[in-house]
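Chain and residue survey
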Amino acid sequence: MIRKARTHVNQNEPLLFELSSPGKVGYQLPPLDVPPVDAAAALGAQNVRDQIQNFPELSEVEAIRHFTRLSTWNYSIDLGMYPLGSCTMKYNPRINERVAQVAGLAWAHPYQSEALAQGALEIMARLEAALLEITGMDAVTLQPAAGAHGELTGILVARALLASRGNPRRTVLIPDSAHGTNPATAAIAGYEVRNIQSNGRGMLDVPALARIVDEDVAALMITNPNTLGVFEENIRAIAGILHDKGALLYMDGANMNALAGLVRPGDNGVDVMHLNLHKTFSTPHGGGGPGGGPVAVKAPLAPFLPIPRLRRAGDRWTLDYERGQSIGRVRAFYGNFGVLVRALAYILAHGGEGLRNATLDAVLNATYIRKGIEADYEIAAQAPSMHECVFSDARQAARGVHTGDIAKRLIDYGFHPYTVSFPLIVHGAMMIEPTESESKRELDLFIDALVSIAREVEEDPETVLKAPHSTRISRVDEVRAARKPVVRWRPA
Amino acid sequence: MRYLPKSDSERGEMLAACGVSSLEDLFAHLPAEVRLNRPLAIADGLSEYEILDYFRERGAQNASGYASFLGAGAYFHYRPVLVDAVVSRGEFLTSYTPYQAEISQGTLTAIFEFQTMMCQLTGMDVANASMYDGSTALAEAAMMAARITGRKRLLAARTLHPEYREVLATYARNQGLEVVEFGYQPASGALDLEDLDRKLDAATAAVIVQSPNFFGIVENVNEAAELAHRAGALLLDVFTEAVSLGLLAPPAGADIVAGELQSFAISPSFGGPYAGILATREKYIRQLPGRLVGETVDTRGNRAFCLTLATREQHIRREKATSNICTNQALIALMATVFMTVYGKQGLRELAEQNLAKAHYLGGKLPLRFSGPYFNEFVATVEDPAALNQALLERKIVGGLPLARFYPELGDAMLVCATEMVRREDMEALARVWEAAQ
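Analysis parameters
Residues numbered from 1 in each chain as written. Chains lettered and ligands numbered in written order. Predicted model: local features only at pLDDT ≥ 70, side-chain atom pairs only at ≥ 80, totals over all residues. Heavy atoms only, no water. Helix = DSSP H or I, 4+ residues; strand = E, 2+ residues; numbered from the N terminus. Contact = heavy atoms within 4.5 Å. Areas by Shrake-Rupley, 256 points an atom, 1.4 Å probe, with all protein chains shown as cover. Lys, Arg positive; Asp, Glu negative; His and termini not counted. Charge placed at Lys NZ, Arg CZ, Asp CG, Glu CD. Rg over C-alpha atoms; globule rule 2.2 N^0.38 Å. Core = buried A, V, L, I, M, F, W, Y, C linked by side-chain atoms within 4.5 Å. Buried < 20%, exposed > 50% of the residue type's maximum accessible area, 1.4 Å probe, protein only. Buried area = accessible area lost by both parts, 1.4 Å probe. Salt bridge = Lys/Arg side-chain N within 4 Å of Asp/Glu carboxyl O. Phe/Tyr/Trp six-rings, centres within 6.5 Å; stacked < 30°, edge-to-face > 60°. Lys NZ or Arg CZ within 6 Å of the ring centre and 35° of its normal. Axes fitted to C-alpha atoms, helices over the stretch in contact; angles between N-to-C directions. Parallel < 35°, antiparallel > 145°, perpendicular 65-115°, else oblique. Nonpolar A, V, L, I, M, F, W, Y, C, P; charged D, E, K, R; others polar. Disulfide = S-S within 2.5 Å. Expected span 1.5 Å × (residues − 1). Polar contact = N/O pair within 3.5 Å; in protein donor to acceptor, adjacent residues only side chain to side chain. Pairing = 2+ DSSP bridges. Domains from an automatic or database assignment. Right-handed = clockwise from strand over helix to strand, strands pointing away. Left-handed = near helix turned anticlockwise from the far one by under 90°.

Focus: the overall build of chain B
Scanning chain B from N- to C-terminus turns up 13 helices and 14 strands. Dimensions of chain B, computed from C-alpha atoms along their principal axes, come out at roughly 80 × 55 × 50 Å. Restricting to contacts in chain B with at least 6 residues of sequence separation, those with at least 24 account for 70%. Of the accessible surface of chain B, which amounts to about 13,800 Å², a share of 50% is contributed by carbon and sulfur atoms. Here chain B contributes 40 positively and 52 negatively charged side chains, and the mean placements of these two sets differ by 3 Å.

Considerations on the overall build of chain A
Along chain A, the regular secondary structure elements total 16 helices and 13 strands. Over its C-alpha atoms chain A spans a radius of gyration of 25 Å, differing by no more than 12% from the 23 Å that the globule rule assigns to 492 residues. In terms of overall dimensions, chain A has C-alpha extents of about 75 × 65 × 45 Å along its principal axes. Distance between charge centres in chain A, computed from 49 positive and 53 negative side chains, equals 1 Å.

Side note on the nonpolar core
One finds Phe55 and Phe264 of chain B to be the most contacted residues of the largest nonpolar core, which totals 330 residues. In contact with Phe264 of chain B, not counting residues within four places along its chain, are Met118, Leu121, Ala242, Val243, Met335, Ala336, Phe339, Met340 and Leu348 of chain B. Met203, Leu228, Val390 and Val426 of chain A belong to the second-largest nonpolar core, a separate cluster that totals 10 residues.

A short note on the interface of chain B and chain A
Each partner contributes to the interface: chain B provides 186 residues, whereas chain A provides 197 residues. Summed over both partners, the interface of chain B with chain A buries about 16,700 Å², with 64% contributed by carbon and sulfur atoms. Together, Phe270, Arg318 and Lys345 of chain B form the three largest contributors to the area buried by chain B at its contact with chain A, with a combined 6%. Scanning the region where chain B abuts chain A turns up 11 salt bridges.

Let's talk about the packing of aromatic side chains
Tallied over the full model, the rule gives 27 aromatic pairs over all chains. Judged by centre distance (6.2 Å) and plane angle (20°), the ring pair of Trp107 of chain A and Phe76 of chain B falls under stacked. Separated into two different chains, Trp107 of chain A in the loop between α5 (103-106) and α6 (118-135) and Phe76 of chain B in the loop between β1 (67-68) and α3 (81-87) make up a pair that spans both. According to the relative accessible area criterion, Trp107 of chain A is partly exposed, its value standing at 29%. Through successive ring pairs, a cluster of aromatic residues spans Tyr111, Phe333, Tyr334 and Phe337 of chain A together with Tyr184, Phe214, Phe215, Phe270, Tyr274, Phe370, Phe406 and Tyr407 of chain B. Residue placement shows Arg159 of chain A over the ring face of Tyr191 of chain A; its charged tip is 4.8 Å from the ring centre. Of note, Arg331 of chain A hangs over the ring of Tyr274 of chain B, and the distance from its end group to the ring centre comes to 5.8 Å.

Things to note about the packing of α6 of chain A against helix α2 (residues 48-61) of chain B
For the pair α6 of chain A and α2 of chain B, interaxial distance at closest approach is 6 Å and the crossing angle is 135°. On the basis of their axis angle, the class for α6 of chain A and α2 of chain B is oblique. Of the residues in α2 of chain B, those touching α6 of chain A at Gln118, Gly119, Glu122, Ile123 and Arg126 of chain A are Tyr54, Phe55, Arg58 and Gln61 of chain B. Looking at the contact of α6 of chain A with α2 of chain B, its residues break down into three nonpolar, three polar and three charged.

Observations concerning the state of the cysteines
In total, this model carries zero disulfides over all chains according to the counting rule given. Here Cys18 of chain B is not cross-linked by a disulfide; its sulfur's nearest cysteine counterpart is in Cys389 of chain A, at 10 Å. Cys119 of chain B carries a free sulfur, and the closest cysteine sulfur to it, the one in Cys306 of chain B, is 17 Å from it. Taking relative accessible area as the criterion, Cys119 of chain B reaches 2% and is therefore assigned buried.

Remarks on helix α11 (residues 330-363) of chain B
The periodicity of an α-helix, 3.6 residues per turn, causes residues three or four positions apart to be oriented the same way. In this model α11 of chain B runs just 37 Å from its N-terminal to its C-terminal C-alpha over 34 residues, more than 12% under the 50 Å that 1.5 Å per residue would give. Taking burial as the measure, the 34 residues of α11 of chain B include 30 buried ones, the bulk of the element.

Focus: the side chain of Asp271 of chain A
Residues and elements named next belong to chain A. When you line up the elements, Asp271 lands in the loop between β5 (248-252) and β6 (272-274). No salt bridge is formed by the buried Asp271. Its closest oppositely charged neighbour is Lys298, at 5.7 Å. In this structure the side chain of Asp271 is engaged in a polar contact, spanning 2.7 Å, whose partner is the side chain of His243. Not counting chain neighbours up to four residues away, the residues in contact with Asp271 comprise Met137, His243, Leu248, Leu249, Ala296, Val297, Lys298 and Leu301.

Considerations on the pattern of salt bridges
Taken as a whole and assessed by the stated rule, the structure comprises 49 salt bridges over all chains. Of the charged contacts in the structure, one is a salt bridge between Glu13 of chain B and Lys440 of chain A, with a shortest N-O distance of 3.5 Å. On the criterion of chain membership, the pair formed by Glu13 of chain B in helix α1 (residues 8-18) and Lys440 of chain A in helix α14 (residues 440-459) is interchain, its members lying in two chains. When its relative accessible area of 45% is taken as the criterion, Glu13 of chain B is described as partly exposed. Accessibility expressed as a relative area gives 14% for Lys440 of chain A, which makes it buried. One network of salt bridges, with partners in common, ties together Glu133, Arg264 and Asp267 of chain A together with Arg38 of chain B.

So, the sheet that holds strand β13 (residues 401-402) of chain B
All names here are of chain B. Spatially, β11-β14-β13 is the arrangement adopted by the three strands of the open sheet, whose pairing is antiparallel. Both edges of this open sheet fall to β11 (377-381) and β13, since each of them pairs with a single strand only. Two elements, β13 and strand β14 (residues 413-417), share two bridges in a ladder whose sense is antiparallel. Its bridge partner being in β14, Pro402 is matched across the sheet by Met414. Lying over the sheet, helix α12 (residues 385-393) contacts β13 and β14, oriented at roughly 40° with respect to β14.

Regarding the domain arrangement of chain A
All names here are of chain A. Per the domain assignment, the segments making up chain A are domain 1 (29-73), domain 2 (94-349) and domain 3 (353-482). The centre of domain 2, based on its C-alpha atoms, is set 30 Å off from the matching centre of domain 3. Taken together, the contact between domain 2 and domain 3 spans 24 residues of the former and 23 residues of the latter. Together, the buried faces of domain 2 and domain 3 total about 1,800 Å²; carbon and sulfur atoms form 67% of this surface. Counting the surface domain 2 buries against domain 3, the share from its top three residues, Leu228, Asn257 and Leu262, is 30%. Here domain 2 is connected to domain 3 by zero salt bridges. At the boundary of domain 2 with domain 3, the tally comes to five residue pairs in polar contact (both at pLDDT 80 or more).

Remarks on the pairing of strand β3 (residues 192-196) of chain A
Residues and elements named next belong to chain A. As judged from the five bridges shared by strand β2 (residues 171-175) and β3, these two strands associate in the parallel manner. Paired with Ile174 across the two strands is Asn195, which belongs to β3. Handedness of the β2-helix α8 (residues 181-188)-β3 crossover: right-handed.

Overview of the packing of helix α11 (residues 337-373) of chain A against α14 of chain A
Residue and element names in this part refer to chain A. Axis separation between α11 and α14 bottoms out at 9 Å; the angle between their running directions is 30°. Here α11 is positioned roughly parallel relative to α14, judged by the angle of their axes. Relative to α14, α11 is oriented so that their crossing is right-handed. Contacts from Asn365, Tyr368, Ile369, Gly372 and Ile373 in α11 reach Lys440, Leu443, Asp444, Phe446, Ile447, Leu450 and Val451 in α14. Its residues placed into classes, the contact of α11 with α14 shows eight nonpolar, two polar and two charged.

Points about the sheet that holds strand β6 (residues 234-239) of chain B
Residues and elements named next belong to chain B. The strand order across the open sheet built from seven strands is β2-β8-β7-β6-β5-β3-β4, with neighbouring strands paired in mixed fashion. Edge strands, defined here as strands with exactly one partner in the open sheet, are β2 (126-127) and β4 (178-182). In this sheet, β6 lies alongside strand β5 (residues 204-210) in parallel orientation, the contact comprising five bridges. For Gln210, the partnering residue across the bridge sits in β6 and is Val238. Most of the contacts of helix α9 (residues 221-230) go to β6, to which it runs at about 150°, and overall it touches β5 and β6.

Okay, here's the thing in structure tokens:
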């Protein structure tokens, strides 16, 4: 039985270009208080464009209705649980949005003098200090714009340290359970990728690692807890194996929501890591960005961090550009400052104890879901779950129903699907991360939904195979989209 | 804690269901030595009011209430109220990347519209769903050009934004790409095409130019493109001031366009978050990094949109992907989309014309360093730029950007920007102080 949702009418809406008609406007500029300038005379006639073909012409009323109607076609955290494993879709506090719009912050220009930017620099410094305390690392850069950007920065910093010791080395080791960004990052940083297998308990195979690591290995990129939601309990031994050969331990901080306040990577041999502010620190995903991907390192790597570096000079903050060993810049200006503001607001709201309590609740929620559905689905790893739990569709696949079908059926039950078919090492993976933001009631509805779907798979698999049934559109033809890509509107 | 929606008795029920007696028990399997055995040294949690207060105080420490003439890659433009009305809707703000098309048509449709408008503005055939910012869009575009041509050398104009060149250098170094710079004409401030021609060779993957360039000058992109194409290289055109697209002819000779959309209703916000864009010719679509939304149909024949050509991307291709990029800047791109919708065909033109008029009014009163045609910023000379800026601050004016830091040969010059938001009286005040400083 579907308890969380039922359908209601929502509006159809054409594209902007189909709504447009000549002569309509949605703006009014103030009168020009200086003489007009003839563009062709000032710029040269060949540099001035004709009108922009088919660019929209709409009134303000049509514009707001257009985007409001579109918005009602989206699911969102504000509507309910978003159990995407590895994505940490937690509540996005609205005070964070409010403070990011404080005029002295939102309208701060990146080139206003340091004397007129002390408030912004203070915010960055305070966030740096908090992130160092949470991770147990020695230095952090806030410049990277997203998690994958942080990964690249971190690997480049690692490479620079190794190069300064005489040899950047050739290989980066990556567990087969890793996010796809890890190998892509290593390749872009100029490394060869070597995959290493997980053991039967869903953890990195330590003896296998010991056999592989040699002086050619630059680093291991590990995710902890890993993408099975399992804590890599041998983390210190792993670090030791790498360090013995002069290699570095990189940690993908995507799953830091399982650790904040309880375990610090820096206390356990991690040399360099990135954080995802849009995961652990609640900044909104916004339909796919913006994010923030700070990179934290141990002291030997600090000289190589991107410029500029924040530095205290007497009673004020300054930006230091004179860093001879730095890898350079990875982005113009200083990073996604507005995202940094939101992350700090989240940390201030929680405080140290609150961050720890959030972690406890996140792990409780994942464990509760695991208990609630393990009679109906096949758990992927026996080890205890941290902040997420991974199942496989093995039992349902026997009835011809796969993880993607179950995910689509969850939509009819009023939920966003879990992460489908990842990690790759679990065939038919169902990766569920509730975060700490879910109430017991929401979790119970979710468990009921998955249990009910398991029953449907037994009794009426067609209903699951054809899901979703209650959405504006049914399953889309992705093959057609890719075969002959139509990636822009054109007039008929 | 107000963000944690459980009572202690509910926690107790859940723990019992999990077969443990305390929250700590959930972590009993962790080796003791990995645990942090003390509270985090972070102050106790604050109320909403205290948080607001803290950030208001920080905002007040920054410049506020000043007229500003800064540009240089981040511009002060008016943000129509519809922008925040739309992006603060939870359905846009708090949704994930639209992998599940059935419940993400809002985001997907908006991105499809965004991609279309980017093509209309740049004259390109395809545009992606946005990049982190202009500087990283440029770096990705350069790597894309190297993949397409199989060449390893990049010729970058010195009039390209200096910080963009720094980002390009970081990416290029580790990709085995060589970046060579070519100069500008000392009188006009425009590209030195002779220098470009001398440096072009059969190893050159791309010629990278910016228009309007860092000095605000509108470049002859098509001439540079002809030279590049003659050598078998691509022309990569960069823009940092998107409002110029309302007035300037799109670069017909460009093969790839990389730009920054901050001017389209994105707050300067001390440098980010912004949104970059990458657009190109149809034939290069499979080399384009980043997310792309495509049109398709559902099983009932309804028009629908979905993420497409994912086989270029890291989650499918892993180490063989075109880029390690995972996300775009969806919410920021949505701001730009609403902005473009509000201004529309007429408004974008009028807005650009107002910028042109303001900048030329101010430029007419100051000693211009270069003779080339400029849009809404320009370089003007003054013996001591720092002293001038100090004098301006006393009148609540933030002056221009002294150029010595990036161009030692322009130690007596500042980059000055005038958008539609500067008032005539502030321009006149600036001009008076400038004259007194001469």
